There are 2 protein chains.
Amino acid sequence: MKQEEFMNHNKEHRYCVIMCGGVGTRFWPFSRTDKPKQFLDFFGTGRSLLQLTYDRILPLTDPSRILLVTNRAYYDIIREQLPDVPPENILLEPVRRNTAPCVCWAAHHIYAIDPLASIVTLPSDHLILRESEFHQVIARGLEFVEGGDRLLTIGLKPNSPHTGYGYIQRGKPTDVENILKVKSFTEKPNVEMAKVFLSTGEFFWNSGMFMWRADSILKAFAKYDPETATVFDAGEKDYPTPEEMNFIDKAFPNAPSISIDYAIMEKADNVYVETADLGWSDLGTWNALYESSPKNSDRNVTQNCKVLASDCEGTLFAADADKIIVAAGLKDYIVADRGNALLIYPLADEQKIRQVVNDVTARFGEEYV
Amino acid sequence: MKQEEFMNHNKEHRYCVIMCGGVGTRFWPFSRTDKPKQFLDFFGTGRSLLQLTYDRILPLTDPSRILLVTNRAYYDIIREQLPDVPPENILLEPVRRNTAPCVCWAAHHIYAIDPLASIVTLPSDHLILRESEFHQVIARGLEFVEGGDRLLTIGLKPNSPHTGYGYIQRGKPTDVENILKVKSFTEKPNVEMAKVFLSTGEFFWNSGMFMWRADSILKAFAKYDPETATVFDAGEKDYPTPEEMNFIDKAFPNAPSISIDYAIMEKADNVYVETADLGWSDLGTWNALYESSPKNSDRNVTQNCKVLASDCEGTLFAADADKIIVAAGLKDYIVADRGNALLIYPLADEQKIRQVVNDVTARFGEEYV
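On a predicted model such as this, the values are computed, not experimentally measured, just so you know.

A.B. asks: Looking at this structure, how should I read the overall build of chain A?
C.D. replies: If you tally the helices and strands in chain A, you get 12 helices and 17 strands. Its C-alpha atoms put chain A at 65 × 50 × 35 Å along the principal axes. The buried share of chain A, taken over its 369 residues, is 57%. In chain A, the share of contacts with a sequence separation of at least 24, taken over all contacts with a separation of at least 6, comes to 66%. Working note: accessible area of chain A is about 15,000 Å², and carbon and sulfur atoms make up 48% of it. Taken together, the 39 basic and 52 acidic charged side chains of chain A have centroids lying 3 Å from each other.

Dropping the structure here:
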C-alpha cells in the first residue's frame, strides 16, 4: 500500500467502530447486565446513548461502514436500536475482554473488506454536547491518520482535577492545528497531581476515542502486543466470511484481557493527540452524570423522573419517567431507582458501588444486577 | 325486648362490623387511594390487614354475620380478598364520612335482621399479635354488653407516652374482671401529659374497637347524636331490603362527618372500658410500624423487601418483596417504595407526609396517591 493511495482515497473508506459491550457496573441500578447504560435513554431524549453515538457519527460515514463490537448478549437490542446497521456489521464477542481484542478484531475485519480503510473507534456511552465541533475534530483527525502511519487519540480539555480519568500530556506540535505528539500517559492520578496537570495546561483527558488506518493499528499490534496479534492473525483467511464467527468463537477466549491504551498507546512511538473541547463526559459514574447535568437552585439534579424534594442539596435523583420521588434531608446523595433495585448512596462513596453490586449478586442473585 | 332474651341468646346473634373505608394517607406511598393500607399484605404474610382482621374474628362468629362498611370504590377488592363474606354484607358508603355514620348505618342494618344482635365493631388495619387474648377479650366483652344497655370500648395497656393515640381513664370496676366504667376520654395529649397518664396506670389507649347490642347503640344515637340518628332512622322500612342502597345513596351524604368517639362515647353515661394487652398497634403511621417491627442490631427495620444497608441506623425500609434496596448513611429514615412512588423521609417528620401527599396530588396528579 502506497502513501499516495491513502492520500487520494475518499470518504468511502472511512469506517467507524462503536464499542458497546460494556456492562456499566458503576451505574447500577440504572445500568443492568441485561441492558447496560449504553442502551438506556439516559437523558429522556428518546434515544439511547448508543443511538446518540450512532447519530453523531453518521454524517461522517454510512450505516454500512459502522461496525458494532459487543457481547453476544446484546445482539437483539442492537438490532432493535440500530436497525439501519447491517446485521453482519455487528461483531459479537463470545466472552468479555477488554478493548485491545475488540480493536484488533475489528481492524482485521475491516482491513479484509477494505485495505484502504481508516477507522474511528468510539465508546458507545459518552456524552458529547458540542456535536459540530466533534464532526470537525473527527474529520481533521481522520485526514491526519490517513496521511501516515499514525495512531491518534482525542484528548479533551480538562475542566476540573478529575481523578477518575486518564491524562495525556501533549508533546511537540505537528503541521495540523491541535494535533500534537503525545509526551506521556498517566492513569487516574491523585488529586494533587491532577491539580498540577490542570494548572500546566499541557494535560488532556483521555477520551477513549481513537483514529488510525486499519493497516497502522494492525502493524502496531504486531509490534507492541504480539500476544493479541497472534490470536487474531490466525483468522486472516476467515475475515469477513461466514467462517469468521466460528474462528472467533474458538480464538477470542484466548485473547488477553488488556486495554488498547495499555497494549498499544502507551508503548508506541507514533502516537498523537488531537486536543478538543467537546462538552464531553464519559458518564462513567454517577458523579460524572451529576456534573454534566443541569442543577436547580439547591444543586439537585433530576434525571427523567418527577421529584418533590425538601431540604435536599447536591443530590441526584434518577428514576423512570413515570416515577415520583419524595425526599427530605438528603445532602450529596445518589437516589437511583430502576426496576427491582433502588440505590440511596452518598455521591462521595460512589467508588464503592462496584463492590456493592458484587455483594448484591452474591447475596441476592443475578436478577438484581 | 326483655333482658332475659338477651341473656339467653346464643352466639348466633353475634355480629361483627369491620370498618374498611379509610384511605390511609399517612402511609403513602404504600397506602394508595386505589388500594389503601387495609388491603395490603403489610408484613408479607400472604394476608392483607383486612384479611388478618377477618381471620382473627372468624372463630367468634360466621362469615354470614360479618359486615364490611367501606367506600364504594373498594367493593371489588373486598370481594376478592374476602370471598366467603356474602356480597349483601358489604355496606357501601357513597361518600366518605367519619365513623359515626358508618356505625349507625351498620347498627340499623343488623338490628333489622336480628333485633337481638350484639355487635363488635373493628377497624380493619390494626396489628394484633396476641390472638387468643383477643378472643377472650371479645368474648368477655360481648357477654358484658349482651347483659345490659352498655357501650364498651377496648382500652389497651400503653407501653409508651404515645401522643398520637386517644387515652381512656378507667373509673369504677364492674363485676367483670378488667371491665370498668370510663372516667374520661382525652384525645392525643402532649408528651408531658402522656407521661403522667402512663405513670398513673389509670389510662389506656383508645383502640377504636367497640362492643354493644344493636338496640343499645341505636338508643345512644337517638340520645347523643340526634343529627346522625335522624338521617338513618328515616330508612327504617328499607333495612335490609333491595331498597336500602337507594335510600343510603340519598341519605348518607346528609350525615355529619363525626367520629363515634366524639358523637357517642365521650358523652354517654353507660360507657365502659375493657382493658387488655393485645400486642396492639394501630399501624397508623410509619413510626407505629417501625415501633411494632423487629429490628436488627442497627435498629433498622426491613419490611418485606431485601436490603443491603451500610452505616444506616434506625431506618425503616419498605418495598415490594422482589425489590432490593441498597443504602448507605441514612439515620432514622423512612424509605418506602411502591409502584410509581418512592418516599425517602426522616421518620421524625412523618407528620408532614399528609401534606406531602396533598402536594404530590396538586403537582403531579391523582395517579400518584
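From this point on, the discussion continues.
A.B. asks: Whenever I open this one, the interface of chain B and chain A confuses me. Can you help?
C.D. replies: It is common to give the size of an interface as the accessible area lost on bringing the parts into contact. With 31 residues of chain B at the interface, the matching set in chain A holds 31 residues. Of the roughly 2,500 Å² buried between chain B and chain A on both sides combined, carbon and sulfur atoms contribute 67%. Counting the surface chain B buries against chain A, the share from its top three residues, Ile324, Val326 and Leu342 of chain B, is 24%. There are 2 salt bridges connecting chain B and chain A. The salt bridge partner of Lys323 of chain B is Asp337 of chain A, with a shortest N-O separation of 2.6 Å. Listed by contribution, the elements that provide at least two residues to the side of chain B that touches chain A are strand E13 (306–310), strand E15 (324–328), strand E16 (333–338), strand E17 (341–346) and helix H12 (353–364) of chain B. Broken down by element, the residue count for the side of chain B that touches chain A peaks at 6 residues, all from E17 of chain B. The class makeup of the residues in the side of chain B that touches chain A is 21 nonpolar, 4 polar and 6 charged. Two elements, strand E15 (residues 324–328) of chain A and E17 of chain B, share 4 bridges in a ladder whose sense is parallel. In the sheet register, Ile325 of chain A faces E17 of chain B, and the bridge partner there is Leu342 of chain B.

A.B. asks: Would you mind going over the sheet that holds E13 of chain B with me for this structure?
C.D. replies: The strands making up a sheet associate through backbone hydrogen bonding, with each pair oriented either parallel or antiparallel. The strand order across the open sheet formed by 6 strands is E12(A)-E14(A)-E16(A)-E17(A)-E15(B)-E13(B), and the pairing between neighbours is mixed. Two strands lie at the open edges of the sheet, namely strand E12 (301–303) of chain A together with E13 of chain B, each paired on one side alone. Sheet twist, expressed as the average angle between the axes of neighbouring strands with direction ignored, equals 5°. Here 3 bridges tie strand E14 (residues 316–318) of chain A to strand E16 (residues 333–338) of chain A, and the two strands are oriented parallel to one another. When the bridges of E16 of chain A are listed, Leu316 of chain A appears paired with Ile334 of chain A. Strands E16 and strand E17 (341–346) of chain A together with E13 and E15 of chain B of the sheet are contacted by helix H12 (residues 353–364) of chain A, whose axis makes an angle of about 145° with E13 of chain B.

A.B. asks: So what exactly am I meant to see when it comes to the packing of helix H7 (residues 214–224) of chain A against helix H8 (residues 226–233) of chain A here?
C.D. replies: Any two packed helices are characterised by the angle at which their axes cross and by the distance between the axes. Residue and element names in this part refer to chain A. The contact between H7 and H8 brings their axes to 6 Å, and the two run at 120°. Considered as vectors, H7 and H8 are oriented oblique to each other. The handedness of the crossing between H7 and H8 comes out as left-handed. Residues Phe221, Ala222, Lys223 and Tyr224 of H7 form the contact with H8, whose participating residues are Pro226, Thr228 and Ala229. Looking at the contact of H7 with H8 residue by residue, the class counts come to 5 nonpolar, 1 polar and 1 charged.

A.B. asks: Can you help me understand unusual backbone geometry in this one?
C.D. replies: Of all residues except glycine, most have a negative phi; of all peptide bonds, most are trans. Between Trp28 of chain A and Pro29 of chain A the backbone carries a cis peptide bond, its omega angle lying at 0°. Along the chain, Pro29 of chain A turns up in the loop between strand E1 (14–19) and helix H2 (49–57). Here the residue pair Tyr239 of chain B and Pro240 of chain B is connected by a cis peptide bond, since its omega of -20° sits within 30 degrees of zero. Its identity is not glycine, yet Arg299 of chain A carries a phi of approximately 60°, on the positive side. The residue Arg299 of chain A is located in the loop between helix H11 (286–291) and E12 in this model. Note on Arg299 of chain A: relative accessible area 38%, which makes it partly exposed. At Asp311 of chain B, a position not held by glycine, the phi torsion is positive, near 55°. Inspection of the secondary structure assignment puts Asp311 of chain B in the loop between E13 and strand E14 (316–318). Residue Asp311 of chain B is classed as exposed on the basis of its relative accessible area, which comes to 54%.

A.B. asks: Any chance you could explain the side chain of Ser293 of chain B here in plain terms?
C.D. replies: All names here are of chain B. Structurally, the position occupied by Ser293 is in the loop between helix H11 (286–291) and strand E12 (301–303). Accessibility expressed as a relative area gives 7% for Ser293, which makes it buried. In terms of polar contacts, Ser293 uses its side chain to reach the backbone carbonyl oxygen of Leu289, at 2.6 Å. Beyond its immediate chain neighbours, meaning those up to four positions away, Ser293 contacts Val301 and Gln303.

A.B. asks: Whenever I open this one, the packing of helix H4 (residues 99–113) of chain A against H7 of chain A confuses me. Can you help?
C.D. replies: All names here are of chain A. At a minimum axis distance of 9 Å, the contact between H4 and H7 shows a crossing angle of 135°. Taken as axis vectors, H4 and H7 run oblique relative to one another. The handedness of the crossing between H4 and H7 comes out as left-handed. Side by side, H4 and H7 meet where Ala100, Val103, Cys104, Ala107, His108 and Tyr111 of the first sit next to Ala214, Asp215, Ile217, Leu218 and Phe221 of the second. By residue class, the composition of the contact of H4 with H7 is 9 nonpolar, 1 polar and 1 charged.

A.B. asks: When you look at the packing of aromatic side chains in this model, what are you seeing that I'm missing?
C.D. replies: The description of an aromatic ring pair rests on the distance of the ring centres and on the angle between the ring planes. Residue and element names in this part refer to chain B. For the structure on display, the rule yields 28 aromatic pairs over all chains. Between Phe39 and Tyr74, the ring centres sit 5.2 Å apart and the planes meet at 55°, which makes this aromatic pair tilted. With Phe39 in the loop between strand E1 (14–19) and helix H2 (49–57) and Tyr74 in the loop between strand E2 (66–71) and helix H3 (75–81), this residue pair connects regions lying 35 residues apart in the sequence. This pair shows no difference in class: Phe39 is buried, exactly as Tyr74 is.

How each quantity is defined
Residues numbered from 1 in each chain as written. Chains lettered and ligands numbered in written order. Predicted model: local features only at pLDDT ≥ 70, side-chain atom pairs only at ≥ 80, totals over all residues. Heavy atoms only, no water. Helix = DSSP H or I, 4+ residues; strand = E, 2+ residues; numbered from the N terminus. Buried < 20%, exposed > 50% of the residue type's maximum accessible area, 1.4 Å probe, protein only. Contact = heavy atoms within 4.5 Å. Areas by Shrake-Rupley, 256 points an atom, 1.4 Å probe, with all protein chains shown as cover. Lys, Arg positive; Asp, Glu negative; His and termini not counted. Charge placed at Lys NZ, Arg CZ, Asp CG, Glu CD. Buried area = accessible area lost by both parts, 1.4 Å probe. Salt bridge = Lys/Arg side-chain N within 4 Å of Asp/Glu carboxyl O. Nonpolar A, V, L, I, M, F, W, Y, C, P; charged D, E, K, R; others polar. Pairing = 2+ DSSP bridges. Axes fitted to C-alpha atoms, helices over the stretch in contact; angles between N-to-C directions. Parallel < 35°, antiparallel > 145°, perpendicular 65-115°, else oblique. Left-handed = near helix turned anticlockwise from the far one by under 90°. Polar contact = N/O pair within 3.5 Å; in protein donor to acceptor, adjacent residues only side chain to side chain. Phe/Tyr/Trp six-rings, centres within 6.5 Å; stacked < 30°, edge-to-face > 60°.

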